[in-house]
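Chain by chain, the residues:
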Amino acid sequence: MSTLIAVAYPDLATAEKVRALLGDLQKQKLIQLEDAVVVERKEDGKVKLHQAVSTTGAGAAGGALWGGLIGLLFFMPLLGAAIGGATGAAVGASQDFGVDDDFMRKVGAGLVPGAAALFVLVQNAVQEKVVPQIAPFGGQLIQTSLSEEQETHLREAVRAAQG
């Protein structure tokens, strides 16, 4: 089962740095993420989601490949690739994996203008190795699906790693 953790940061750059660090930690097999999204509340109050993976781009690439292959059968590979790419992009844009976008927008609306939050969906992690690496960035835990006991333990681990 996955765990949702959302941490608020004073600015977009800090949230992006933490997401990049988590990506590096995932490559080291210290954490397994299902999703990592940075939610920014702009100075004008608008909320913008910065997804880690573009499903539109992936869908377009896959659609163009399959469309090109099917187009070869009918001796029109370029037309097939164009139609496949457009179809794949449309399907990719309609897919949503991980944390619900509407939920993130609602939470993001509560941020101070100029601030950002990092939403991560974690399958598993080596907490004693991950927490000390992200703790120096600070942040405020604003949402979690952890039990009260687990959340308290996480807060204490972050405080201990910071100080």
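Residue numbering note: each chain is counted from 1, following its sequence as written. Per-residue local features of the predicted model are confined to residues with pLDDT of at least 70, and side-chain atom pairs are confined, for both listing and counting, to 80 or more; whole-chain, interface and lining totals are unaffected and use all residues. Heavy atoms throughout the structure, all of them, feed into the side-chain values; hydrogens and water do not.

Caption draft 1: Local environment of the overall build of the protein chain. We count a stretch as a helix when DSSP gives it H or I for four or more residues in a row; a strand needs E for two or more, and each element gets its number in order from the N terminus. Within the protein chain one finds six helices and five strands. Burial status follows relative accessibility: with a 1.4 Å probe on protein chains alone, a residue under 20% of its type maximum counts as buried, one over 50% as exposed, and anything between as partly exposed. By the burial criterion, 36% of the 163 residues in the protein chain qualify as buried. Only heavy atoms matter for contacts: two residues are in contact if any of them lie within 4.5 Å across the pair. Taking the contacts inside the protein chain whose residues are at least 6 apart along the sequence as the reference set, 75% of them involve residues at least 24 apart. To be clear on the numbers: accessible area is Shrake-Rupley with a 1.4 Å probe, and residue cover counts the displayed protein chains and nothing else. Of the roughly 9600 Å² of accessible surface on the protein chain, a fraction of 59% belongs to carbon and sulfur atoms.

Caption draft 2: Examining the environment of Ala116 more closely. Tracing the backbone through its elements, the reader meets Ala116 in strand β4 (residues 116–125). A relative accessible area of 0% means that Ala116 is categorised as buried. Residues Ala116 and Asp11, 105 residues apart in the sequence, show an inter-C-alpha distance of 5.4 Å. Setting aside chain neighbours within four positions, we find Ala116 in contact with Val7, Ala8, Tyr9, Asp11, Leu12, Ala15, Val38, Val39, Glu40 and Leu111.

Caption draft 3: Highlighting the packing of helix α1 (residues 12–27) against helix α5 (residues 127–134). Helix axes are fitted only over the stretch in contact, all axes being lines through C-alpha atoms; the angle between N-to-C directions runs from 0 to 180 degrees. Two elements in contact, α1 and α5, have axes separated by 11 Å at closest approach and are oriented at 150 degrees. In terms of orientation, α1 and α5 fall into the roughly antiparallel class. You can see that α1 and α5 cross each other, and the crossing is right-handed. Seen from α1, the contacting residues are Val18, Leu21, Leu22 and Leu25; seen from α5, they are Val130, Gln133 and Ile134. Each residue belonging to the contact of α1 with α5 can be placed in one class, and the counts come to six nonpolar, one polar and no charged. Oblique is the label for every angle not falling under 35 degrees (roughly parallel), over 145 degrees (roughly antiparallel), or within 65 to 115 degrees (roughly perpendicular). We call a crossing left-handed when the near helix sits turned anticlockwise from the far one by less than a right angle, and right-handed when that turn is clockwise. When residues are grouped by polarity, Ala, Val, Leu, Ile, Met, Phe, Trp, Tyr, Cys and Pro land in nonpolar, Asp, Glu, Lys and Arg in charged, and all others, Gly among them, in polar.

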